[in-house]
Amino acid sequence: MSRKISLPPAFAAPSRRGFLAGASALGATLFLPKNLRAADYPTAAVNTTGLAVTDTEATIGILHSVTGTMAISETGSVQAEKLAVEQINAQGGVLGRKIKVVQEDGASDWPTFAEKAKKLLVDDKVCSVMGCWTSASRKAVLPVFEQYNGILYYPTFYEGLEQSHNVFYDGQEATQQIIAGLDWVTKTKGAKSFYLLGSDYIWPRTSNKIARKHIEDKLGLEVVGEEYYPLGHTQFNSVINKIKLKKPDVIYAIVVGGSNVAFYKQLKAAGIDLTKEKPLLLTISVTEDEIRGIGGENIEGAYACMKYFQSLKNPNNEAFVKAFKAMWGQDMVIGDVTQAAYLGPWLWKAAVEKAGSFDVEKVIAASPGIELTTAPEGYVKIHENHHLWSKTRVGRALADGQYDVVWETPDLVEPNPFPAGYQ
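As the structure is a computational prediction, the values presented were derived from the model and not from experiment.

Colleague: Can you lay out the packing of helix H3 (residues 71-90) against helix H13 (residues 336-355) for me, pointing to particular residues and giving the numbers?
Modeller: Contact geometry for H3 and H13: axes closest at 7 Å, N-to-C directions at 35°. H3 and H13 meet at a crossing whose hand is right-handed. Facing Gly76, Ser77, Ala80, Glu81, Leu83, Ala84, Gln87 and Ile88 of H3, the residues of H13 in contact are Val337, Thr338, Ala341, Tyr342, Pro345, Trp346 and Lys349. Among the residues forming the contact of H3 with H13, the class breakdown is nine nonpolar, four polar and two charged.

As structure tokens, this is what we get:
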């Protein structure tokens, strides 16, 4: 590899030999290099709009929170994207050019995300950006990407109700996660009453609006409470007492970022044993990344509905986990959004090489139909609506911080960001 990426100060670099072994195994299993030569794709022909592309390099941006309350969730996305870049470069890059990364910190602040997005697109002239986590940060940068015609690969499961020419949504939308999870818990566990809990911003509120419509209008069941707290909030004893009084069958939890640490510790301290499933807790926001901060012993027994868990048993995921740990440390974990973030650089590479150009409009036009047949989560494919076909899974949290996958859809779920009756 021609360049060494810088690692966040909190993590020690593994040996180069260990990383290369993991990366090589993954690259050989997942994405076969095409051995494209830059000489066959002259810069003047493949970069007609003034992007940061030279005869030897193509620059992309990474824009996530590595400080503030969202760092607990977004650090894994940065790590996964840098792993993908290293592996792509090891295979010869994109159209024969190595990927150069410019990284910016959104700092868990939505105006900062918008400011940094503009810098990446206008000043750095990046070819694409891998970034954001919260819907609030995505909404903040969306007009920037649309105004300056950039490409954003957004890795997080989200509420849906959005489709942009300039965004590829690599996580799941509501029909693939919220609705599928509620159907599972009612059919499998016989749940009839729900307490909705979330952080106070657009994703949890809109997701719970969809969840309430599904629970009440589609399933004919009951919502017995609904509460929201600011990002970074750490005092949940009041709502926990309300939950104990209401006795719902399901706590439907969309608490985000560092607040999860306080919530699950306080839930256990209040005597709610999630392993007994009375009440059962179903989350769509706690991945293995958050459990690393929460502690497996504090969330054991909870269920999560997502498309990916680190414990998935397939050769490609096993190679991915091995490569990730070789690069970032054996104690690291991989959650749903981290895996989806990993897909971003590969999807961009495939679109660029299909288009034979780095030009944004050509890359966007080439993207629908692109598939990664052996991505860590399985098979994914870009839909014409810029979302991914993917499976939906339910996992149960174990004391060791991993999830035991207890259910998955037999087939891929088609993305439908605008489901009828939920808007």
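Colleague: So what's going on with H3? Residues and values would help.
Modeller: Compared with an ideal rise of 1.5 Å per residue, which puts 20 residues at 28 Å, H3 spans 28 Å between its outermost C-alpha atoms and is within 8% of the ideal. The element H3 is largely enclosed, with a buried count of 18 among its 20 residues. Where H3 ends, the next residue or the one after it, Gly92, has phi of about 110°, a positive value.

Colleague: With reference to specific residues and values, describe the packing of aromatic side chains.
Modeller: Going through the model one piece at a time under the given rule, you end up with 17 aromatic pairs. For the pair Tyr153 and Phe168, a centre-to-centre distance of 5.4 Å together with 20° between the ring planes defines the contact as stacked. With Tyr153 in strand E4 (residues 152-154) and Phe168 in strand E5 (residues 167-169), this pair connects stretches of sequence that are 15 residues apart. Looking at Tyr153, the relative accessible area reads 2%, which means it is buried. With a centroid separation of 5.2 Å and an interplanar angle of 10°, the aromatic rings of Tyr158 and Tyr169 are classed as stacked.

Colleague: Any chance you could break down the state of the cysteines for me, citing the residues and the numbers?
Modeller: If you walk through the whole model with that rule in mind, you get zero disulfides. Looking at the unpaired Cys127, the closest cysteine sulfur is the one in Cys132, lying at 18 Å. Residue class for Cys127 comes out buried when judged on its relative accessible area of 1%. A relative accessible area of 0% means that Cys132 is categorised as buried.

What counts, and where the lines are drawn
Residues numbered from 1 in each chain as written. Predicted model: local features only at pLDDT ≥ 70, side-chain atom pairs only at ≥ 80, totals over all residues. Heavy atoms only, no water. Axes fitted to C-alpha atoms, helices over the stretch in contact; angles between N-to-C directions. Helix = DSSP H or I, 4+ residues; strand = E, 2+ residues; numbered from the N terminus. Left-handed = near helix turned anticlockwise from the far one by under 90°. Contact = heavy atoms within 4.5 Å. Nonpolar A, V, L, I, M, F, W, Y, C, P; charged D, E, K, R; others polar. Expected span 1.5 Å × (residues − 1). Buried < 20%, exposed > 50% of the residue type's maximum accessible area, 1.4 Å probe, protein only. Phe/Tyr/Trp six-rings, centres within 6.5 Å; stacked < 30°, edge-to-face > 60°. Disulfide = S-S within 2.5 Å.

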